[in-house]
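Next come the chains, spelled out residue by residue.
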2 protein chains.
Amino acid sequence: MRILLKNGAVVNVFTGEIEKTNILIEDKVIAGVGTEYCEADADKTEDLAGKFVCPGFIDGHIHIESTMLLPGELAKVCVPHGTTSIVSDPHEIANVCGTAGIEYMLETSEEIPMTVYLMLPSCVPATSFDESGAVLSAKDLKPFYNEVKVLGLAEMMNYPGVICGDGVVLEKINDAKEFNLIVNGHAPLLTGKSLDRYIAAGINDDHECSGFEEAAERIRKGQWVMIRQGTAARNLDALLPLFEEPYAHRCVLVTDDKHPSDLLESGHIDSIIRRAVKCGKSVVTGIRMATIQAAQCMGIRNLGAIAPGYIADILVLDDLDTVRVRDVYKNGEKVVENGIVCPFPEPEVRADLIKAVKNSFFMDELSAKNFYIEPKTPRCRVIKGIDDQLITDEWITEINWEKNGGIDIDRDILKIAVAERHMHTGHIGLGFISGIGLKEGAIASSVSHDSHNLVIVGTNDLDMATAANRIRELGGGCVVVRDGKVMAEMPLPVAGLMSEGSAETVAKENARVRKAVYKLGANKGLEPFMTMAFMSLSVIPSLKITTKGLVDVNSQKLVSLYVE
Amino acid sequence: MRILLKNGAVVNVFTGEIEKTNILIEDKVIAGVGTEYCEADADKTEDLAGKFVCPGFIDGHIHIESTMLLPGELAKVCVPHGTTSIVSDPHEIANVCGTAGIEYMLETSEEIPMTVYLMLPSCVPATSFDESGAVLSAKDLKPFYNEVKVLGLAEMMNYPGVICGDGVVLEKINDAKEFNLIVNGHAPLLTGKSLDRYIAAGINDDHECSGFEEAAERIRKGQWVMIRQGTAARNLDALLPLFEEPYAHRCVLVTDDKHPSDLLESGHIDSIIRRAVKCGKSVVTGIRMATIQAAQCMGIRNLGAIAPGYIADILVLDDLDTVRVRDVYKNGEKVVENGIVCPFPEPEVRADLIKAVKNSFFMDELSAKNFYIEPKTPRCRVIKGIDDQLITDEWITEINWEKNGGIDIDRDILKIAVAERHMHTGHIGLGFISGIGLKEGAIASSVSHDSHNLVIVGTNDLDMATAANRIRELGGGCVVVRDGKVMAEMPLPVAGLMSEGSAETVAKENARVRKAVYKLGANKGLEPFMTMAFMSLSVIPSLKITTKGLVDVNSQKLVSLYVE
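Nothing here was measured: the structure is a model prediction, and the numbers come from that model.

Brief notes about the overall build of chain A
If you tally the helices and strands in chain A, you get 17 helices and 29 strands. The C-alpha atoms of chain A give a radius of gyration of 24 Å, which matches the 24 Å a tight globule of 564 residues would have. Referenced to the eigenvectors of the C-alpha coordinate spread, the extents of chain A come out at roughly 85 × 50 × 45 Å. Taking the intrachain contacts of chain A between residues at least 6 apart in sequence as the baseline, contacts between residues at least 24 apart amount to 67%. Per element, the accessible surface of chain A, about 19,900 Å² overall, is 50% carbon and sulfur. Looking at chain A, you have 57 positive and 79 negative side-chain charges, and the mean spots of the two groups are 3 Å apart.

Topic: the relation of the copies chain B and chain A
Its rotation angle being 180°, the transformation that places chain B on chain A also includes 0.0 Å of axial translation and leaves an RMSD of 0.0 Å. In symmetry terms, the pair is related by a two-fold rotation axis. When the interface residues of chain B are mapped onto chain A, 100% of them again lie at the interface, so the same face is used by both copies.

A look at the interface of chain B and chain A
Interface size, as often reported, equals the accessible area lost upon joining of the parts. In this assembly, 33 residues from chain B lie in contact with 33 residues from chain A. Between chain B and chain A, a total of about 2,900 Å² is buried, with carbon and sulfur atoms accounting for 46% of that surface. Broken down residue by residue, the surface that chain B buries against chain A is led by Phe14(B), Lys193(B) and Arg301(B), which jointly contribute 21%. Across the contact surface, chain B and chain A share four salt bridges. Between Asp41(A) and Lys193(B) there is a salt bridge; the shortest N-O distance is 3.1 Å. Of all elements in the fold, only strand E3 (29–33), helix H7 (192–200) and helix H8 (212–220) of chain B reach the threshold of two or more residues within the side of chain B that touches chain A. With five residues, H7(B) is the single largest residue contributor to the side of chain B that touches chain A. Residue composition of the side of chain B that touches chain A, by class: 13 nonpolar, 10 polar and 10 charged.

Section: helix H3 (residues 99–108) of chain A
Residues and elements named next belong to chain A. With respect to burial, H3 is a largely interior element, eight of its 10 residues being buried. Turning to H3, its buried residues are Ala 100, Gly 101, Ile 102, Tyr 104, Met 105, Leu 106, Glu 107 and Thr 108. Looking at the buried side of H3, the elements it contacts are helix H1 (71–78), helix H2 (91–97), strand E8 (115–120), helix H4 (138–141) and helix H14 (351–358).

A closer look at the side chain of Asp59(B)
Residue and element names in this part refer to chain B. Within the fold, Asp 59 resides in strand E6 (residues 57–62). Although Asp 59 lies buried, it forms no salt bridge, and the closest oppositely charged side chain, Lys 258, sits 8.3 Å away as judged by the N-O distance. Polar side-chain contacts of Asp 59 include one of 2.5 Å to the side chain of Thr 255. Ignoring anything within four residues of it in the chain, the contact list for Asp 59 reads Thr 83, Ser 85, Ile 86, Val 87, Leu 253, Val 254, Thr 255, His 268 and Ile 269.

Points about the environment of Leu543(B)
Residues and elements named next belong to chain B. Note that Leu 543 resides in strand E26 (residues 543–546). Sequence-wise, Leu 543 and Ile 383 are 160 residues apart; in three dimensions their C-alpha atoms are separated by 5.8 Å. Residues in contact with Leu 543, not counting those within four places in the same chain, are Arg 381, Val 382, Ile 383, Thr 392, Asp 393, Glu 394, Leu 550, Val 551, Asp 552 and Val 559.

Considerations on the sheet that holds E6(B)
All names here are of chain B. Overall, parallel pairing links the five strands, which are arranged E6-E7-E8-E9-E10 in an open sheet. The open sheet has two free edges, formed respectively by E6 and strand E10 (182–185), since each of these has just one partner strand. For this sheet, the mean angle separating the axes of adjacent strands, direction not counted, is 30°. Pairing geometry for E6 and strand E7 (residues 83–88), over four bridges, is parallel. Bridge pairing in E7 places Phe 57 opposite Thr 83. Relative to strand E9 (residues 150–156), helix H6 (residues 167–178) is tilted by about 150°, and along the sheet it contacts E9 and E10. Packed on one face of the sheet, helix H11 (residues 269–278) meets E6 and E7 and runs near 105° to E6.

Side note on the pattern of salt bridges
For the structure shown, the criterion picks out 76 salt bridges over all chains. When the shortest N-O distance is used, the salt bridge between Lys51(A) and Asp318(A) registers 3.9 Å. One end of the pair, Lys51(A), is in the loop between strand E4 (44–47) and strand E5 (52–55); the other, Asp318(A), is in strand E14 (residues 314–319), with 267 residues separating them in the sequence. By relative accessible area, which is 27% here, Asp318(A) ends up partly exposed. Residues Arg411(B) and Asp408(B) are paired through a salt bridge, measuring 3.7 Å at the closest nitrogen-oxygen approach. Overall, the relative accessible area of 5% leaves Asp408(B) in the buried class. One network of salt bridges, with partners in common, ties together Glu46(A), Asp327(A), Lys334(A) and Glu337(A).

Regarding unusual backbone geometry
All names here are of chain B. In this model, His 449 is joined to Asp 450 through a cis peptide bond whose omega is -10°. In this fold, Asp 450 is placed in the loop between strand E22 (442–445) and strand E23 (454–458). Along the chain, Pro 541 connects to Ser 542 via a cis peptide bond; the corresponding omega equals 0°. The residue Ser 542 is located in the loop between helix H17 (528–533) and E26 in this model.

So, the sheet that holds strand E27 (residues 549–552) of chain B
Residues and elements named next belong to chain B. Ordered by their spatial adjacency, three strands build an open sheet running E26-E27-E28, and the pairing between neighbours is antiparallel. Whereas interior strands pair on both sides, the edge strands pair on one side only; in this sheet they are E26 and strand E28 (557–558). As paired strands, E26 and E27 are joined by four bridges and run antiparallel to one another. Looking at E27, one finds that Ile 545 is bridged to Leu 550.

A look at the nonpolar core
Ranked by internal contacts, the top residues of the largest apolar core, which has 176 residues, are Met156(A), Ile227(A), Ile273(A) and Ile314(A). Here Met156(A) is in contact with Ser122(A), Cys123(A), Val162(A), Val169(A), Ile173(A), Val183(A), Asn184(A), Gly185(A), His186(A), Tyr198(A) and Ile203(A), once residues within four sequence places are set aside. With 175 residues, the next largest nonpolar core counts Met68(B), Leu70(B), Tyr104(B) and Val382(B) among its residues.

Some points on the packing of aromatic side chains
This model, assessed by the stated rule, comprises 12 aromatic pairs over all chains. For the ring pair Phe212(B) and Tyr247(B), a centre distance of 5.3 Å and an interplane angle of 85° mean the geometry is edge-to-face. Of the two residues, Phe212(B) sits in helix H8 while Tyr247(B) sits in the loop between helix H9 (236–239) and strand E13 (251–254), which places them 35 residues apart along the sequence. By way of ring pairs, the aromatic residues Trp401(A), Phe432(A) and Tyr562(A) are connected into one cluster. In this structure, Arg421(B) is placed above the aromatic ring of Phe361(B), and the distance from its NZ or CZ to the ring centre is 4.4 Å.

Quick look at the confidence of the model for chain A
When pLDDT is averaged across chain A, the result is 97; 100% of the residues are at 70 or more. The ipTM, which scores confidence in the relative placement of chains, is 0.94 for this predicted complex, and the corresponding pTM is 0.96.

Some remarks on the packing of H11(B) against helix H12 (residues 283–290) of chain B
Residues and elements named next belong to chain B. Relative orientation of the contacting elements H11 and H12 amounts to 150°, with a least axis distance of 9 Å. Between H11 and H12, the crossing angle belongs to the class labelled roughly antiparallel. Judged by the sense of rotation from one axis to the other, the crossing of H11 with H12 is right-handed. Packed against H11, whose contacting residues are Ile 269, Ile 273 and Val 277, the element H12 presents Val 283, Gly 286, Ile 287 and Ala 290 at the interface. Taken together, the residues that form the contact of H11 with H12 break down as six nonpolar, one polar and no charged.

Section: the environment of Ala312(B)
Residue and element names in this part refer to chain B. Looking at the secondary structure, you find Ala 312 in the loop between helix H13 (292–298) and strand E14 (314–319). Its relative accessible area of 0% is what places Ala 312 among the buried residues. Between the C-alpha atoms of Ala 312 and Ser 128, which are 184 residues apart in sequence, the distance is 45 Å. Apart from residues lying up to four places away in sequence, Ala 312 is in contact with Ile 25, Lys 28, Val 29, Ile 30, Tyr 329, Lys 330, Asn 331 and Gly 332.

Focus: the pairing of strand E6 (residues 57–62) of chain A
Burial analysis of E6(A) places six of its six residues in the buried class, the great majority of the element. Handedness of the β-α-β unit built from E6(A), H1(A) and strand E7 (residues 83–88) of chain A comes out right-handed.

Observations concerning the pairing of E27(B)
All names here are of chain B. Counting the residues in the hairpin turn of E26 and E27 gives two residues. As paired strands, E27 and E28 are joined by two bridges and run antiparallel to one another. When the sheet's bridge partners are listed, Val 551 is paired in E28 with Leu 558.

Conventions we followed
- Residues numbered from 1 in each chain as written.
- Chains lettered and ligands numbered in written order.
- Predicted model: local features only at pLDDT ≥ 70, side-chain atom pairs only at ≥ 80, totals over all residues.
- Heavy atoms only, no water.
- Helix = DSSP H or I, 4+ residues; strand = E, 2+ residues; numbered from the N terminus.
- Rg over C-alpha atoms; globule rule 2.2 N^0.38 Å.
- Contact = heavy atoms within 4.5 Å.
- Areas by Shrake-Rupley, 256 points an atom, 1.4 Å probe, with all protein chains shown as cover.
- Lys, Arg positive; Asp, Glu negative; His and termini not counted.
- Charge placed at Lys NZ, Arg CZ, Asp CG, Glu CD.
- Least-squares fit on C-alpha atoms with pLDDT ≥ 70 in both.
- Buried area = accessible area lost by both parts, 1.4 Å probe.
- Salt bridge = Lys/Arg side-chain N within 4 Å of Asp/Glu carboxyl O.
- Nonpolar A, V, L, I, M, F, W, Y, C, P; charged D, E, K, R; others polar.
- Buried < 20%, exposed > 50% of the residue type's maximum accessible area, 1.4 Å probe, protein only.
- Polar contact = N/O pair within 3.5 Å; in protein donor to acceptor, adjacent residues only side chain to side chain.
- Pairing = 2+ DSSP bridges.
- Axes fitted to C-alpha atoms, helices over the stretch in contact; angles between N-to-C directions.
- Core = buried A, V, L, I, M, F, W, Y, C linked by side-chain atoms within 4.5 Å.
- Phe/Tyr/Trp six-rings, centres within 6.5 Å; stacked < 30°, edge-to-face > 60°.
- Lys NZ or Arg CZ within 6 Å of the ring centre and 35° of its normal.
- pLDDT = per-residue confidence, 0-100.
- Parallel < 35°, antiparallel > 145°, perpendicular 65-115°, else oblique.
- Left-handed = near helix turned anticlockwise from the far one by under 90°.
- Right-handed = clockwise from strand over helix to strand, strands pointing away.

Here it is, written out as structure tokens:
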């Protein structure tokens, strides 16, 4: 099948020029560009007079699991916004299901109108405190490098390991290099000599830059900078100076983590370009970052340009500056027409993989007594959440053990628990938390970074047990409970991380759950489920909690709840 | 070994900035860049105050054989000019010695202070008229892709084969792609739809652009443009507009073919940058083309920049605009000090490879009667050389058979012969040539593109036989003969293409041979040996001669000497 797209104003990402010309697509590939191509060359012609044409957008770094959508459902939201390829790190599902999770992501990504490239999760589990569903060694990862869609090793968060030359870490990096593939970085605020050591190990890029100087240092030192604008982490405004040379040509646009409601409301990569343009930056610079530069950064040849031999991923835009996408061609086929996604087949997935991801709860039912904390000392360590931030403080205070097992709603001291769910250990970490603000009931979630054990925050042990057990029944999700009854829930039956529903469904369920949690009195300055999901990530300071108990992140040691 | 280079003004090829800073080299690699590095970090410190520092230069496309020097001798000339890596296509030696020639080039390139990357010759033999020493199929080439220093498939000159989808050609291209390696282009003046088809097959670049529009079209269509400035082909002046954006970032500097005298007099890649600067272009743009961009174009990671993890190939320049190289670090070791190359070991080469390349003459001795042309028709086709060009015309004229077997010195009609030397076929193509201008004697050479059979031009059959036999004795070279005696000679015993001497020796011998040939009356507007070397290349119009006789290049057919 040969399709001629004629008379469009085509963005040339190599030169930055915009030229009215014709494009001939032959099967999945761009056969040629130029006014010498005419109707006679094609089986079908589309006249794009008055329209703009550019290559499909690439999200250089995303975790599909954070969208809570399966790849096909994610495609239905992203493709109409012009995203034809994403580079995903299946870090979350790998922490739950190991290599089966990676295989599942590969299989569910087939046949959808968006190419899903994968990076192999480098840090499963994330820390030695984590009781995850799997431990992925270099040996486990290596076979995946033969997959065409695997581009390398995902964000190497263990930068201390890289810097001190940890053998296990270096083995993973060297395997990727041996396959001539790349290693993504993740080293917020690292600078100077430490950054040099990290980069010298072969780290290609970073998406954690939150300031211009931080980013400029990385570019000078040869890294690509991925400008991140997701739902929680929004670095674009601070990094706007990167839209000018000599930095722009070494930048890429990524979302990292983006929620369905945000995708539905604002869009995807298009929204980042749109915002940059609103701030006075060149739309062509944004398009180059989102296309050819993303491909170059990730080492993908033949993607991200409208030129002979390139994959025919093409956007037709009504307007350039607002990045209003009208039609999308994926592999030479029209997959979005006038903003509407054309139907596409469900991917066929191996039964054993479906079984693996849909049966990710290996824990017994809990009862109120599992949440009992023995009163030992008058004073305890309390996790003190900080509005709108993922970091916490350690707060040492008197616990009123007499009343409600130490929970003190008036002083906003609630109970938090992290229950192991991967291998029936029965481990449960218990502690107190301040800053969530519930006045009654309990909330629980199977999304809790990075091991995704069950995290529960509550005002009483009974509601906490009810919430935990409901999630166990659902096979994953977020639940809000009051007086022993479920007020709202969002099922996430795929590895306890993803829904099988559409973005619209998930957004609605999510809204309901959020509404319910605010009804329980949760602080308005806070996304309670997201805050709770990061309480178990023991790489973000200061005091966190895992299945093994409280962790002092700065000293990287388990600490007692009790203060003598 | 850790070396600190401090206080130099360092060219950052990522940003184009020049900043006074310090560089720490650790073993072969750049460990870090920044003023925070100090003497205490290093075993040795060099103060480069007042000096400029930039990455070592890369020649993106060269044929070592055309320099007539072995890699080690070539390094001795090029490295002091700042060239620390070259990408060579061993097309010439492969035409003579097949895969043994490629292996020989790999082995002779070890241990020298210049990295020799290889591209695999794509067109051996160049045409079906060629009787070469080897035929290299895709199957022959494939094992070489596993060599670390092999970067892909060399200049795909057979563009008609690519465009019409010739299976043999596509197999070679697809093999390179399968290894995720690149394919160099070679398609002068190809444009529009034909160029699109050529590029779409996966052709990465072109070094044959002689005009700005030709080059700009290629950049727009996604190819890299290699700006060539060699001894014969000099495209820089015409391509100077490429030193500005939006083109500059997609360009690379190459020499292709460069002679020893020219290397000694003008330099190598440095001379291209110098000339561009003299014409008002930015020296940093030139340096970027010669360093990071060359590496990117060729798919080499970790080369071409002064940044953590990059190979420590570093130049210390006295002056930036004149590109005056003082010291050179190769793999972190100082290999040029104050312009003088430090001694380095001779590479060890396998005995069977030495035997293969040093015994490349498989032909019997010739006598005058081998050069006899039977008078059949009054009129014959004569090859008409054109001053200073590689193309020829067909000239049909009366031959005076009575006098000297058809040779007519007054009308500048000399005899030309191409004698097969690879497999004892005894084939000899005979014809007449005009434009060389010899008044007496004969000249002969074993450098004759692309099969490198023996080419002889002379004023009488006896001198022609003497010249041919002398080259056979030498095992290759260029010879000038008068009255049965050798006047001057340049031995090229390695495959009949390369000397074992230094650049100085070869330049001297070459000067002597040239002087002798002008003494015989050769046209001053002409490089007689170079002109002669291209008389057998049946891809450049119009009338050429091979071991099988005259070839009409435009129709790609053998034609008779005789015109009925």
